[in-house]
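If you want the building blocks of each chain, they are given just below.
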Amino acid sequence: MLMNPSVTSKFALLLIATGLLCLVPAIPAAPMLVPGFVRFEVYTNLPGASIGDLVFAPEYPDSPGRTFYTTALDTRTVYPTDSHENYGGRLTGFLVPTATADYIFFLRGQDACQLFLSPDDDPANLELIAEDEVGGGGFEEPGVPKTSAPRSLVAGQRYAIQVLYKAGVGPDLCQVAWRTTESTTPAAELTPIPGTFLAALIEPRGNVTITRQPTGATLGANQSLTLDVDFTTTHGPIFVQWQKDGANVPGRVGGTVSLGPLTESDSGSYRAVVSIPGAVAISSAVNVTVTPDVTPPTIRRIVVADSLESITVEYSEAVTDTALDVFNYALDGGQQITGDGVRVNPSTVRFGTTRLTIGATYTLTVTDIEDLAGLTSAPGTSRTFTLTRERGGLKFEAWLNLGGNAVSALLSHPAYPDNPDLVAYVTQASSRQVFADAASVDNYGGRLSGWIVPPESGDYEFFIRSDDNSELYLSPDDNPANAVLIASES
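Caption draft 1: Looking closely at the overall build of the protein chain. Looking only at helices and strands, the protein chain features two helices and 35 strands. By its C-alpha atoms, the protein chain is 90 × 60 × 55 Å across when sized along the principal axes. Partitioning the contacts of the protein chain with sequence separation of at least 6, the portion at a separation of at least 24 is 68%. Taken as a whole, the protein chain presents about 25,200 Å² of accessible surface, with 52% of it coming from carbon and sulfur. A gap of 5 Å separates the mean positions of the 28 positive and 54 negative side-chain charges of the protein chain.

Now the structure itself:
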């Protein structure tokens, strides 16, 4: 029998001959390189707090108790709390820098930890470059053992990396950050190296299917563009990395990303690489063309806050601080803009207002709003909007790439509550209408908001369920500012 050597599926072969039964075991498929992940192996029931307690354990390295895949050199993405005790951990994979430079590595752990790096992609050449025998504290400037000497790395080359750490009793985490020798970011402000720069060899498993391809565009400079892709997966976690002209774009991670204010250098071919542990799919490449800015800014949309006492004004492109000047705005209907604006992003500002009325129609007129090319809004630039409450649904907002499982992680996020990454509308009080299954998305915070209109007067009980934590608030009236906590799942 001949088999195609390029086929990687597992085969079980049964041979039957006269008087003979022969079983041939399935041949495991060769591991594949999956971008966005490193392997996280956990060796359980190991007392002690030293690296020796891990590496001299009989289970190490071939028999971990649990194996995970994480999208950062950060164990908090898998164990978000300090609830795990007496174990050893190992992170392994490859580091793939996007820029050629000299890099300094920063290591931190609650107990002992070690960082190894290879000069190439061979794990046999791993070298110890940083260690902390005691643990505790944050990332520290060079000159201490847990911060490496500079290492010269080449863009696009894979370097084998390994992190060992031991968790005793109490807090447990291990993280690795980096910066170039020319970076001025303080060590204390560094964050763990994300999946954009990581890869791991993983056995093929499951699949990813692109269900809607991204769409390209031709836009003027200083405008903004949203790229998105839809997909289904058989399991998680999921990592989505956007590429320009075939190279990873740092910071452009997730099913939906925003580009802008655009410059002509942003022109190029963009695609999304969707990874899960064991499978990868690449979207179609789409062209983005950025032309010189010749169009004055206009108002793209106006969003009224649930409190009815603030409006968010989104312009067609990035605007200067002229958009923050209260004297450049006029609101009709006897209403007023209260105080100067607050910038939400380069093209969006927010203002307080006197309380608006449901059912009323208003017109906002702006004057002398300037874009980054020095073009000023045309005289009489305005937008009319009507306040309505649409029955039959709630607003769903999500803040992506948010670690941890406590509600406080969402409430303390700098983008909460005004800058969600995703806004959708659902017809029942459930996130499942947006994220259809448990594998749809990981590491995010969500908010469902709106009004509840009971069909009859009475005493009502409310029930909440979630994975992970959640809180339910209800107001005694229609003002969201009066909402109080009535139920929670911790």
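Caption draft 2: Region of interest: the sheet that holds strand β32 (residues 422–426). Strand order across the open sheet formed by three strands is β32-β31-β33, with antiparallel pairing between neighbours. In the strand order of this sheet, the two ends are held by β32 and β33 (444–449), each with one partner. Ignoring strand direction, the axes of neighbouring strands in this sheet form an average angle of 20°. The sheet contact formed by strand β31 (residues 394–400) and β32 spans five bridges and is antiparallel. Within β32, the position partnered with L394 by the bridge is V426.

Caption draft 3: Spotlight on the pattern of salt bridges. Under the definition given, this model contains 14 salt bridges. Where R76 meets D82, a salt bridge forms, and the shortest distance between an N and an O atom there is 2.7 Å. A relative accessible area of 32% places D82 in the partly exposed class. Ionic contacts of the salt-bridge type, sharing partners, join the residues D132, E140 and K146 into one network.

Caption draft 4: Quick look at the pairing of strand β29 (residues 361–366). Residues of β29 alternate between two faces, with Y362, L364 and V366 buried on one and T361, T363 and T365 left unburied on the opposite face. Pairing geometry for β29 and strand β30 (residues 382–386), over five bridges, is antiparallel. In the sheet register, L364 faces β30, and the bridge partner there is R383.

Caption draft 5: Representation of the confidence of the model for the protein chain. In this model, the protein chain carries a mean pLDDT of 90, and residues with pLDDT of at least 70 account for 93%. Here residues 1–22 is modelled with pLDDT under 50, and outside its nearest four sequence neighbours on either side it reaches 22 contacts, counting other chains as well.

Caption draft 6: Focus on the environment of E59. Checked against the element boundaries, E59 lands in the loop between α1 (51–55) and β5 (66–70). The spacing of E59 and L46 is 13 residues in sequence and 9.8 Å in space, taken between C-alpha atoms. With residues up to four places along the chain from it excluded, the contact list for E59 reads Y43, T44, L46 and P64.

Caption draft 7: The arrangement of the side chain of S347 in detail. By the element assignment, S347 lies in the loop between β27 (337–345) and β28 (348–353). According to the relative accessible area criterion, S347 is buried, its value standing at 7%.

Caption draft 8: Molecular detail of the packing of aromatic side chains. Under the definition given, this model contains 15 aromatic pairs. A ring pair is formed by F40 and Y79, whose centres lie 5.8 Å apart and whose planes are at 70°; its orientation type is edge-to-face. You can see F40 sitting in strand β4 (residues 38–43) and its partner Y79 sitting in the loop between β5 and β6 (87–95), a full 39 residues away along the chain. For the pair shown, F40 and Y79 are each scored as buried. Its end group placed over the ring of F139, R108 keeps NZ or CZ at 5.9 Å from the ring centre. Cation over ring: R158 sits above F94, and NZ or CZ is 5.6 Å from the ring centre.

Caption draft 9: Local environment of a nonpolar patch on the surface. A contiguous nonpolar patch, built from I452, Y460, F462, V484 and I486 and spanning about 470 Å² of accessible area, is present on the exposed surface. Along the chain, I452 turns up in the loop between β33 and β34 (470–474). With relative accessibility at 56%, the residue I452 sits in the exposed group.

Caption draft 10: Summary view of the environment of V326. By the secondary structure assignment, V326 is in the loop between β25 (310–315) and β26 (329–331). For the pair formed by V326 and Q336, sequence separation is ten residues and the distance between their alpha carbons is 9.8 Å. Once residues lying within four places of it in the same chain are set aside, the contact partners of V326 are I337, G339, D340 and F351.

Caption draft 11: Seen up close, unusual backbone geometry. In this chain, G260 is followed by P261 through a cis amide linkage whose omega measures 0°. Here P261 lies in the loop between β20 (256–259) and β21 (268–276). Residue D467 is joined to D468 through a cis peptide bond whose omega torsion reads 20°. Positionally, D468 belongs in the loop between β33 and β34. Backbone geometry at N86 places phi at a positive 50°, although glycine is not the residue there. Tracing the chain through its elements places N86 in the loop between β5 and β6. One non-glycine residue, D245, lies in positive phi territory at about 50°. Its place among the elements puts D245 in the loop between β18 (239–244) and β19 (247–253). Residue class for D245 comes out exposed when judged on its relative accessible area of 53%.

Caption draft 12: Local environment of the side chain of T320. Assignment of secondary structure puts T320 in the loop between β25 and β26. Relative accessible area serves as the criterion here: at 19%, T320 is assigned to the buried category. Separated by 2.9 Å, the side chains of T320 and T322 make a polar contact. Setting aside anything within four residues of it in sequence, one finds T320 in contact with R343, E370, D371 and L372.

Rules of the game
Residues numbered from 1 in each chain as written. Predicted model: local features only at pLDDT ≥ 70, side-chain atom pairs only at ≥ 80, totals over all residues. Heavy atoms only, no water. Helix = DSSP H or I, 4+ residues; strand = E, 2+ residues; numbered from the N terminus. Contact = heavy atoms within 4.5 Å. Areas by Shrake-Rupley, 256 points an atom, 1.4 Å probe, with all protein chains shown as cover. Lys, Arg positive; Asp, Glu negative; His and termini not counted. Charge placed at Lys NZ, Arg CZ, Asp CG, Glu CD. Pairing = 2+ DSSP bridges. Axes fitted to C-alpha atoms, helices over the stretch in contact; angles between N-to-C directions. Salt bridge = Lys/Arg side-chain N within 4 Å of Asp/Glu carboxyl O. Buried < 20%, exposed > 50% of the residue type's maximum accessible area, 1.4 Å probe, protein only. pLDDT = per-residue confidence, 0-100. Phe/Tyr/Trp six-rings, centres within 6.5 Å; stacked < 30°, edge-to-face > 60°. Lys NZ or Arg CZ within 6 Å of the ring centre and 35° of its normal. Patch = residues over 30% accessible without salt bridge, like charges linked within 9 Å, V, L, I, M, F, W, Y side chains within 5 Å. Polar contact = N/O pair within 3.5 Å; in protein donor to acceptor, adjacent residues only side chain to side chain.

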